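Spelled out, the chains give:
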Amino acid sequence: MDSAGRRSPPPPHARQLWQSTLFSHGEADLSLDWPTVESYLTMFPGRTPVNVVPQVPHCAVRMAVMGWDARPATDAEIGRMKTIVREWMEAGAVCLNLGLDYQPSAFADTRELIELSSIVREYGGIYAAHVRYTDLGRAAAWRETMVIGRGAAIPVHISHEHVDDVTEPLLEEAERICDLTFESYLYPAGCTHLALMLPTWAQAGGPDGVRARLQDPEMRNRIRQHLQDRLTVDSGGARAVVVGNRTGLFIGWSLDESAEAEGLPMGEVAVTMLEDEHPYVLMVYHRGMTAEEQHEAVWRTVRHPRMMVASDGIYHGRSSHPRGYGCFTRVLRLGVREMGAISLEEAIYKMSGFPAERFRINDRGLLRPGYGADVLIFDPETVADRATWEEPRLEPVGIDRVIVNGETVVEGGDPTGALPGRVLRAHR
């Protein structure tokens with residue numbers, strides 16, 4: 001607010017970063033008037049049916065200090081970022097949270113990440129990351145995480161992964177190097193924006209940077225050819241389906257189906273979408289696994305002792321990913337009841353007690369006197385996900401009641417309208 005009580009406009013970088021994340025939250029219009037960490041966290045109580053756990057947002061921290069600069073940070077810039085990280089940790093954040101394929105975090109080097117993690121370690125927090133797949137590839141990105149864990153002497157956590165022939169030996173390797181856990185949602189597809197398929201140099205500057213490069217004929221051709229090569233299913237690319245955008249065009253269509261309808265190469269259709277749908281096109285990327293491969297992946301993943309369950313959900317979009325509505329009940333139906341891969345008790349621990357322990361939320365995750373009254377009442381014989389790729393918003397069944405902080409927020413499958421959610425801060 002200014003001296004006359006009028007709302008101040010947000011800093012330019014705040015608005016730009018908000019625009020660059022529209023793919024994840026849709027068209028929500030907030031003031032962005034959060035000059036401090038506390039001013040941001042006070043927004044949640046009384047406005048949410050669920051609890052909120054603060055995490056240090058690396059993208060926002062780097063943006064505040066360096067803007068969109070596509071380079072490693074200097075010593076002075078790292079020092080300024082450390083100050084912001086400490087402010088978050090003092091406010092009760094549980095970890096440093098990163099999306100290292102996303103702008104502007106993609107240009108942070110390992111040195112920066114170790115330095116920032118050293119502040120988080122002082123508070124007993126952990127390092128939690130969507131690792132750097134685009135530049136390093138999967139195995140090398142895991143190993144970078146291990147280097148950070150060892151270099152900062154901090155526990156590390158990898159987001160939305162699964163156990164297969166690549167990661168199983170990496171998990172064994174990590175046992176000798178650092179304290180590593182991971183999370184999974186057990187679907188054979190991911191969900192993010194189309195621009196993430198670009199090389200890191202082409203993503204620099206966020207959506208406006210991408211749009212500017214598409215105006216240069218040489219760069220446009222390089223980007224078009226990259227997308228053509230990366231997204232061609234016959235060449236090993238994931239089947240990419242449009243699930244959300246600004247105009248509503250091609251929703252539910254794959255890029256190859258859209259290209260056939262337009263009579264154009266898929267790479268050209270993709271760059272045209274990036275232009276016409278600015279600032280985002282939300283996609284689901286199907287991995288092309290057979291039913292047998294999916295079954296094996298679920299079995300190996302859910303049984304691993306370092307795995308916990310998390311949805312990584314994006315809830316907007318006309319044809320969104322079913323993980324938003326079915327992640328946890330899918331584990332109870334498929335992993336427990338149908339496959340017998342783990343016990344009911346193990347599954348519940350991976351959804352509640354294990355995350356609470358790992359992220360140091362000390363009064364949650366167990367039914368115990370003095371703990372927060374967060375309780376889900378369900379029938380283990382009937383609980384099941386119903387969300388599918390064709391109907392991703394179908395609610396699960398078999399859940400009688402959801403209680404948050406002692407108040408019922410869902411009863412008989414219907415929201416009650418109660419908003420008892422709190423900010424759960426790490427205990428120091």
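Since the structure is predicted, the reported quantities are computational estimates derived from the model, not experimental observations.

Cut-offs applied
Residues numbered from 1 in each chain as written. Predicted model: local features only at pLDDT ≥ 70, side-chain atom pairs only at ≥ 80, totals over all residues. Heavy atoms only, no water. Helix = DSSP H or I, 4+ residues; strand = E, 2+ residues; numbered from the N terminus. Rg over C-alpha atoms; globule rule 2.2 N^0.38 Å. Buried < 20%, exposed > 50% of the residue type's maximum accessible area, 1.4 Å probe, protein only. Contact = heavy atoms within 4.5 Å. Areas by Shrake-Rupley, 256 points an atom, 1.4 Å probe, with all protein chains shown as cover. Pairing = 2+ DSSP bridges. Axes fitted to C-alpha atoms, helices over the stretch in contact; angles between N-to-C directions. Parallel < 35°, antiparallel > 145°, perpendicular 65-115°, else oblique. Nonpolar A, V, L, I, M, F, W, Y, C, P; charged D, E, K, R; others polar. Phe/Tyr/Trp six-rings, centres within 6.5 Å; stacked < 30°, edge-to-face > 60°. Lys NZ or Arg CZ within 6 Å of the ring centre and 35° of its normal.

K.L.:
Teacher, can you tell me more about the overall build of the chain here?
P.N.:
Of regular secondary structure, the chain possesses 18 helices and 13 strands. Rg of the C-alpha trace for the chain: 22 Å, near the compact-globule value of 22 Å for 428 residues, within the 12% margin. Taking the principal axes of the C-alpha coordinates as reference, the chain spans close to 65 × 55 × 50 Å. Split into buried and exposed, the 428 residues of the chain put 51% on the buried side. Long-range pairs, those at least 24 residues apart, make up 72% of the contacts in the chain between residues at least 6 apart in sequence. When the accessible area of the chain is evaluated, it comes to approximately 19400 Å², of which 52% is carbon and sulfur surface.

K.L.:
How should the environment of G124 be read in this particular structure?
P.N.:
Within the secondary structure layout, G124 lies in the loop between α6 (110–122) and β3 (126–130). Residue classification places G124 among the partly exposed residues on the basis of a relative accessible area of 31%. Put simply, G124 and P155 are 31 residues apart on the chain and 9.2 Å apart in space, counted from C-alpha to C-alpha.

K.L.:
Is there a simple way to explain the sheet that holds strand β12 (residues 407–411) in this structure?
P.N.:
As a general point, the strands of a sheet are linked pairwise by backbone hydrogen bonds and lie either parallel or antiparallel. Pairing is antiparallel in the open sheet, where four strands are placed in the order β10-β11-β12-β13. Both edges of this open sheet fall to β10 (375–378) and β13 (414–415), since each of them pairs with a single strand only. In this structure, β10 lies alongside strand β11 (residues 399–404), joined through four bridges in antiparallel fashion. When the bridges of β11 are listed, V375 appears paired with I403.

K.L.:
What exactly am I supposed to notice about the packing of helix α13 (residues 255–262) against helix α14 (residues 266–276) here?
P.N.:
A pair of packed helices can be characterised by two numbers: the angle between their axes and the separation between those axes. At their nearest, the axes of α13 and α14 sit 9 Å apart, and the two run at 100° to each other. By the angle class used here, α13 and α14 are roughly perpendicular. Within the contact between the two elements, α13 uses L255, D256, S258, A259 and E262 and α14 uses M266, V269 and M273. Looking at the contact of α13 with α14 residue by residue, the classes come out as five nonpolar, one polar and two charged.

K.L.:
Got a minute to help me understand the packing of aromatic side chains in this structure?
P.N.:
Two numbers describe a pair of aromatic rings. These are the distance of the centres and the angle of the planes. On inspection of all chains with the given rule, the structure shows eleven aromatic pairs. With 6.5 Å between their ring centres and 75° between their planes, W18 and W34 make a pair best called edge-to-face. With W18 in helix α1 (residues 12–20) and W34 in the loop between α2 (22–25) and α3 (37–41), this pair connects stretches of sequence that are 16 residues apart. You can call W18 buried: its relative accessible area is 18%. Ring geometry for Y187 against W389: centres 6.1 Å apart, planes inclined by 75°, an arrangement best described as edge-to-face. You can see Y187 sitting in the loop between β5 (180–184) and β6 (189–193) and its partner W389 sitting in the loop between β10 and β11, a full 202 residues away along the chain. Here W389 falls in the partly exposed class, since its relative accessible area comes to 29%. An aromatic cluster of three or more residues is present, and its members are W18, W34, Y40, F44 and W88. Over the face of the ring belonging to Y185 we find R323, whose NZ or CZ atom lies 4.7 Å from the ring centre. Sitting over the ring of Y187, R330 keeps its end group 4.4 Å from the ring centre.

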